[in-house]
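If you want the building blocks of each chain, they are given just below.
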Amino acid sequence: AQSVTQLDSHVSVSEGTPVLLRCNYSSSYSPSLFWYVQHPNKGLQLLLKYTSAATLVKGINGFEAEFKKSETSFHLTKPSAHMSDAAEYFCVVRPRSGGSYIPTFGRGTSLIVHP
Amino acid sequence: DVKVTQSSRYLVKRTGEKVFLECVQDMDHENMFWYRQDPGLGLRLIYFSYDVKMKEKGDIPEGYSVSREKKERFSLILESASTNQTSMYLCASSHVKGFGETQYFGPGTRLLVL
């Protein structure tokens, strides 16, 4: 069994300040973890993914995430928010064994960026 | 560039109508998915297909069926549309090659059932 908890439904930051979007997961098997972004009226796009290589993963648009097995977390960060980062963000977990292809999505975090 | 297209961006249907949503991908992906997205609930998997004519139920299959007659095309069917099926529907595809494969999403179909 697997699940994902995105700890905040909304995060509000000022432009130029750091961004932290929190994600905790549970998985019966070692997981692959993903962050996707959805801009208004658009489909989802991959930001970054962890698949058992380096625990600090860098993605597009200056985002990065760190896999912490002891804390079962995969938080998304960015040093300095930009207005264009305003979007919905989804954390996703998928087991790397156990035969299931099916990813599990978190409920999403809406990032609001103020000028 | 992978492209996933969906037949309509917006659709308005009446209760009881049969509704077809089509999804086409151009990258020879084995896996295809249908999700519905509702505010505060994230994406919920309706059905999944890992090969032509193969399908598996997701978390919320009731009221829906699917068809995959060709590898590039995955259709979602609402047999008798109801108002609680008003939602955003997202299609995705991915390769089977490994556990870290990326899903590629279409732009979505916003369905309103009156």
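Residues numbered from 1 in each chain as written. Chains lettered and ligands numbered in written order. Predicted model: local features only at pLDDT ≥ 70, side-chain atom pairs only at ≥ 80, totals over all residues. Heavy atoms only, no water.

J.: I'd like a description of the interface of chain B and chain A, backed by residues and values.
T.: Contact residues are listed per partner, giving 24 residues for chain B and 22 residues for chain A. Contact between chain B and chain A buries roughly 1,900 Å² in total, counting both sides, with carbon and sulfur atoms accounting for 58%. Summed over the shared surface of chain B and chain A, the number is one salt bridge. The residue Glu 101 of chain B makes a salt bridge to Arg 94 of chain A at a minimum N-O spacing of 3.5 Å. Remark: the boundary between chain B and chain A carries four residue pairs in polar contact (both at pLDDT 80 or more). Put simply, the parts of the chain that give the side of chain B that touches chain A at least two residues each are β4 (31–38) and β5 (42–51) of chain B. Among the residues forming the side of chain B that touches chain A, the class breakdown is twelve nonpolar, nine polar and three charged. (Contact = heavy atoms within 4.5 Å. Buried area = accessible area lost by both parts, 1.4 Å probe. Salt bridge = Lys/Arg side-chain N within 4 Å of Asp/Glu carboxyl O. Polar contact = N/O pair within 3.5 Å; in protein donor to acceptor, adjacent residues only side chain to side chain. Helix = DSSP H or I, 4+ residues; strand = E, 2+ residues; numbered from the N terminus. Nonpolar A, V, L, I, M, F, W, Y, C, P; charged D, E, K, R; others polar.)

J.: Could you give an account of the sheet that holds strand β8 (residues 73–78) of chain B, with specific residues and numbers?
T.: All names here are of chain B. Overall, antiparallel pairing links the four strands, which are arranged β1-β3-β8-β7 in an open sheet. For this open sheet the edge positions go to β1 (4–6) and β7 (64–70), each flanked by a neighbour on one side alone. In this sheet, neighbouring strand axes are inclined to one another by 20° on average, regardless of whether the strands run parallel or antiparallel. Across six bridges, strand β3 (residues 19–25) lies against β8 in antiparallel orientation. Pairing of Glu 22 across the sheet is with Ser 75, part of β8. (Pairing = 2+ DSSP bridges. Axes fitted to C-alpha atoms, helices over the stretch in contact; angles between N-to-C directions.)

J.: I'd love a proper account of the nonpolar core, names of residues and values included.
T.: In terms of nonpolar packing, the biggest core is built from 26 residues, with Trp 35, Leu 48, Leu 76 and Tyr 89 of chain A touching the most fellow members. It is strand β10 (residues 87–95) of chain A that contributes the most residues to this core, four residues altogether. Setting aside chain neighbours within four positions, we find Tyr 89 of chain A in contact with Gln 6, Leu 21, Trp 35, Tyr 36, Val 37, Leu 47, Phe 63, Leu 76, Gly 108, Thr 109 and Leu 111 of chain A. The next biggest cluster of nonpolar side chains, apart from the first, holds 20 residues, and it includes Trp 34, Val 66, Ala 81 and Cys 91 of chain B. (Core = buried A, V, L, I, M, F, W, Y, C linked by side-chain atoms within 4.5 Å. Buried < 20%, exposed > 50% of the residue type's maximum accessible area, 1.4 Å probe, protein only.)

J.: Give me a nonpolar patch on the surface: which residues, what numbers.
T.: On the surface, a nonpolar cluster with roughly 260 Å² of combined accessible area is contributed by Val 12, Leu 112 and Leu 114 of chain B. Here Val 12 of chain B is to be found in strand β2 (residues 10–13). (Patch = residues over 30% accessible without salt bridge, like charges linked within 9 Å, V, L, I, M, F, W, Y side chains within 5 Å. Areas by Shrake-Rupley, 256 points an atom, 1.4 Å probe, with all protein chains shown as cover.)

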